[in-house]
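Survey of secondary and tertiary structure
Chain by chain, the residues:
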Amino acid sequence: MGRRAVDRARDRKLSGDLPEVGEYVWHPSLLHLTHGVDDFQGGVCKVSAVVEKADGIYVRLEELGDWEVSWKYLLEGQDEWRERYGKQPGRPDPDYRREFNE
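Okay, so let's go over this structure. What you are looking at is a predicted structure, and each value in this text was computed from that prediction instead of being measured.

Rules of the game
- Counting starts from 1 at the beginning of each chain's written sequence and moves along it residue by residue.
- A pLDDT threshold of at least 70 governs which residues receive local features in this predicted model, and a stricter bar of 80 or more applies before side-chain atom pairs are shown or counted, although totals over entire chains, interfaces and linings include all residues.
- Based on all heavy atoms of the structure, the side-chain values leave hydrogens and waters out of the count.
- Whether a residue is buried, partly exposed or exposed follows from its accessible area with a 1.4 Å probe, protein chains only, as a fraction of its type maximum: under 20%, in between, or over 50%, in that order.
- In this description a helix means any DSSP run of H or I spanning at least four residues, a strand means any run of E spanning at least two, and both kinds are numbered starting from the N terminus.
- In this scheme, strands are said to pair when DSSP sees at least two bridges between them.
- We define a nonpolar core as any set of buried Ala, Val, Leu, Ile, Met, Phe, Trp, Tyr and Cys residues linked to one another through side-chain atoms lying within 4.5 Å.
- Angles shown run from 0 to 180 degrees and are taken between the N-to-C directions of axes, each axis being a line fitted to C-alpha atoms and, for helices, limited to the stretch in contact.

Examining the pairing of strand S1 (residues 24-27)
Side chains of S1 alternate between two faces, with Tyr 24 and Trp 26 and Val 25 and His 27 buried alike. Note: S1 against strand S3 (residues 43-53), four bridges, orientation antiparallel. Considered in S3, the bridge of His 27 is made with Gly 43.

Some details on the nonpolar core
Grouped together as the largest cluster of nonpolar side chains are 16 residues, with contacts concentrated most on Val 25, Val 59, Leu 61, Leu 64 and Leu 74. Looking at this core, the element that brings in the most residues is helix H2 (residues 71-85), giving four residues.

So, the sheet that holds strand S5 (residues 68-70)
Spatial strand order, S1-S3-S4-S5: four strands in an open sheet with antiparallel pairing. Each having just a single partner strand, S1 and S5 make up the two edges of the open sheet. Across the sheet, the mean angle from the axis of one strand to that of its neighbour is 55°, orientation sign disregarded. With three bridges connecting them, strand S4 (residues 56-61) and S5 associate as antiparallel partners. Bridging across to S5, Tyr 58 finds its partner in Ser 70.

Take it as geometry only, folks, not as evidence of what the structure does.
Next comes the structure, spelled out in structure tokens:
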């Protein structure tokens, strides 16, 4: 991911308006006790799709594949995650150990 893309994500004020495909946002790390193959290292991610549902707006992020994440949830965490992850790109970080994939 280019430095300028991260700078644009940092400088852009995210709003409650509909997100845009191609927009960059921060997503936190995910650690799963029973399906470690889905673990994720938090950082900057690119919006690949916007999904409107009855209960709100969701986005898919290139780095998370088909998972849909609440836009409201992402907005609420941006300041904290921006500080925590900086310019680090988000990426899958699977744990294939058997005890974490039951």
